[in-house]
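# Structural overview for review
Each chain, letter by letter, is given below.
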Amino acid sequence: MKKEKKIKIHPILVFLILTFIVMILSSIGHVLKLETSYNTVNAITGELESQIVTIDSLFNRTGIQYLISNALSNFINFAPLGTIIVGLFGIGVSYKSGFLTALFKSLTKNKSRKLITFIVVLMGILFSMFYEAGYVILIPLSAILFMTLNRHPNAGICASFAGITFGYGANFVINGLDSVLLPYTNNAAHILDTSYNVNISGNLFFIIASSIVLAFLGTIITEKYVIPRLGKYTSTNEEENNIPLNSNEKKGLIISITTIVLISLLVIYCIIPGLPFSGLLLYLKDSTYIEQLFGYNSYFNQGSVFIFSVLLIIAGLIYGLRLKTIKHNKDFIDGMNYYLTNISSILVLMFFVAQFVAVFKKSNLGVFVTASIIEFIGSLQISGILLIIITFIVILICSIFLPVASTKWAIMSPVLIPMFMQSSFTPEFATAIFRAGDAVIKSINPLFTYFVILIGFLQIYNQDNKNVTITDAMSLIAPYTISAIVVWILIILGFYIIGIPLGPSVNPII
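Reference entry: report on the structure contained in this document. Just so it is clear, the structure is predicted and the values come from calculations on it, not from any experiment. (Residues numbered from 1 in each chain as written. Predicted model: local features only at pLDDT ≥ 70, side-chain atom pairs only at ≥ 80, totals over all residues. Heavy atoms only, no water.)

Moving on, we get to the pattern of salt bridges. Per the counting criterion, the structure on display carries 5 salt bridges. Arg151 is the partner of Glu223 in a salt bridge, and the nearest nitrogen-oxygen pair spans 2.9 Å. One end of the pair, Glu223, is in helix 9 (residues 204-230); the other, Arg151, is in the loop between helix 6 (132-148) and helix 7 (153-167), and 72 residues separate them in sequence. A relative accessible area of 14% means that Glu223 is categorised as buried. (Salt bridge = Lys/Arg side-chain N within 4 Å of Asp/Glu carboxyl O. Helix = DSSP H or I, 4+ residues; strand = E, 2+ residues; numbered from the N terminus. Buried < 20%, exposed > 50% of the residue type's maximum accessible area, 1.4 Å probe, protein only.)

So this is what it looks like as structure tokens:
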């Protein structure tokens, strides 16, 4: 008997169906008058304030009006749209000029392929502190790196995507997530103990340990599962990739790298407060340095994609002029356009993803589900390991419906923090569990806005002339997610059972 061919549904159609389903569910919820509530802590008074959550129907007059009038603005304001275009300016120039190929040849010479994979995953974890820049800069760079090694570029895409996504809950330094979660954690802790001050570096040891373990885990999954599954990639530059750099290419590379280093030092100077004419990229009105550097209003945070793209453009331009791969301004402009010619399908997909995400947010379904689950958890009398595991699972489930960490933690912290403190756990330990559960599920969540980036880049290097579906992308990333869930639970339990400090002067148990 012949095997039936599986019908592959285009991602655009899937998101259209999902949008339609959300509209139906919102209408049903509105008709049934479903509602729930959650408590938030008033930052000024410290008192709990109840917030009522109802479901807004999108299958009525106002809902249809919202869809029609906001379709364009939903697309324009969709976070990945502008960043991917700006990011690919730099990638295009630096690749078309030959700079990236020369750089990766130099860096990977006589290096183990597994070591390169480990570095890609680790760089993803580190780059997560720049958030958007990681997805639109590091992912295409990883694809080119793997292609230079004559390996499938989609393996580099998967490895870096997993690293960036999981890295949002890990990393080696205190970053923007810590500053975002801190006020909510502090306010929730004050419900039981007004004298308790949450340490912003209270998860430092935990995230460092998690980063190292996840980097090794990501390497194993990439090498043992993803690369064998993707198979061989046929590259037109395969023979060229095996040719060593000549003296002229080496000189061009040295000049370009030196320029990047000098400009990078200038950028670093601009993010150091207190020096003459420094602090240009910091939002100095914020109280802490982490907020000034990584906060929502930070000039560095808002401009990180532009900064990295400019660095790549300058490096590519200098290299191209030196090697004469860029002879006139048309070559330069063609370089900026190089990758943009491959993302037309991504832009179309983004339009429909933007509508789906906006409709889901407008319906309040995510907040309703999260608030309902937390209200139920708050009624349970659990403690110890059972509390840890159930909390982790609850965060995983809620993160599917509400990917935004700050919104989710604002709802969850007034319930979870007192529960943990009453069980003799520190608020920092609850935060560690939250950041792990929040990060690990995003990699396979269509509601996560940067999931579309994964599908789009996988499509660029797909050689079988078929569309990459949502299930295709999920099947490549799911092994990272499943193994990371297991490993992160073990790390969390290890810190608790052994009593390892989560950070400087902070333990899991009070």
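From this point on, the discussion continues.
This part covers helix 2 (residues 61-76). Over its 16 residues, helix 2 runs 24 Å from end to end, which matches the ideal 22 Å to within 8%, given 1.5 Å per residue. Listing the buried residues of helix 2 in full gives Gly63, Tyr66, Leu67, Ala71, Asn74 and Phe75. The elements touched by buried residues of helix 2 are helix 1 (11-31), helix 3 (79-96) and helix 15 (344-363). (Expected span 1.5 Å × (residues − 1). Contact = heavy atoms within 4.5 Å.)

Bringing the nonpolar core into the picture now. The nonpolar side chains of soluble globular proteins are, as a tendency, buried together. Among the nonpolar cores identified, the biggest contains 163 residues, and Ile453 and Trp488 are the most heavily contacted of them. With 13 residues, the top contributor of residues to this core is helix 21 (residues 470-498). Residue contacts for Ile453: discarding those within four places in its chain leaves Pro80, Ile84, Tyr135, Val136, Ile139 and Met350. (Core = buried A, V, L, I, M, F, W, Y, C linked by side-chain atoms within 4.5 Å.)

This next bit is on the packing of aromatic side chains. The geometry of two aromatic rings is summed up by the distance between their centres and the angle between their planes. By the definition in use, this model includes 27 aromatic pairs. Geometrically, the ring pair formed by Phe448 and Tyr450 is tilted, given 6.1 Å between the ring centres and 55 degrees between the ring planes. The pair Phe448 / Tyr450 is uniform in exposure class, with both members buried. A network of ring pairs unites the aromatic residues Phe127, Phe130, Phe300 and Phe308 as a single cluster. Between the NZ or CZ atom of Lys362 and the centre of the ring of Tyr66, over which it lies, the distance is 5.1 Å. (Phe/Tyr/Trp six-rings, centres within 6.5 Å; stacked < 30°, edge-to-face > 60°. Lys NZ or Arg CZ within 6 Å of the ring centre and 35° of its normal.)

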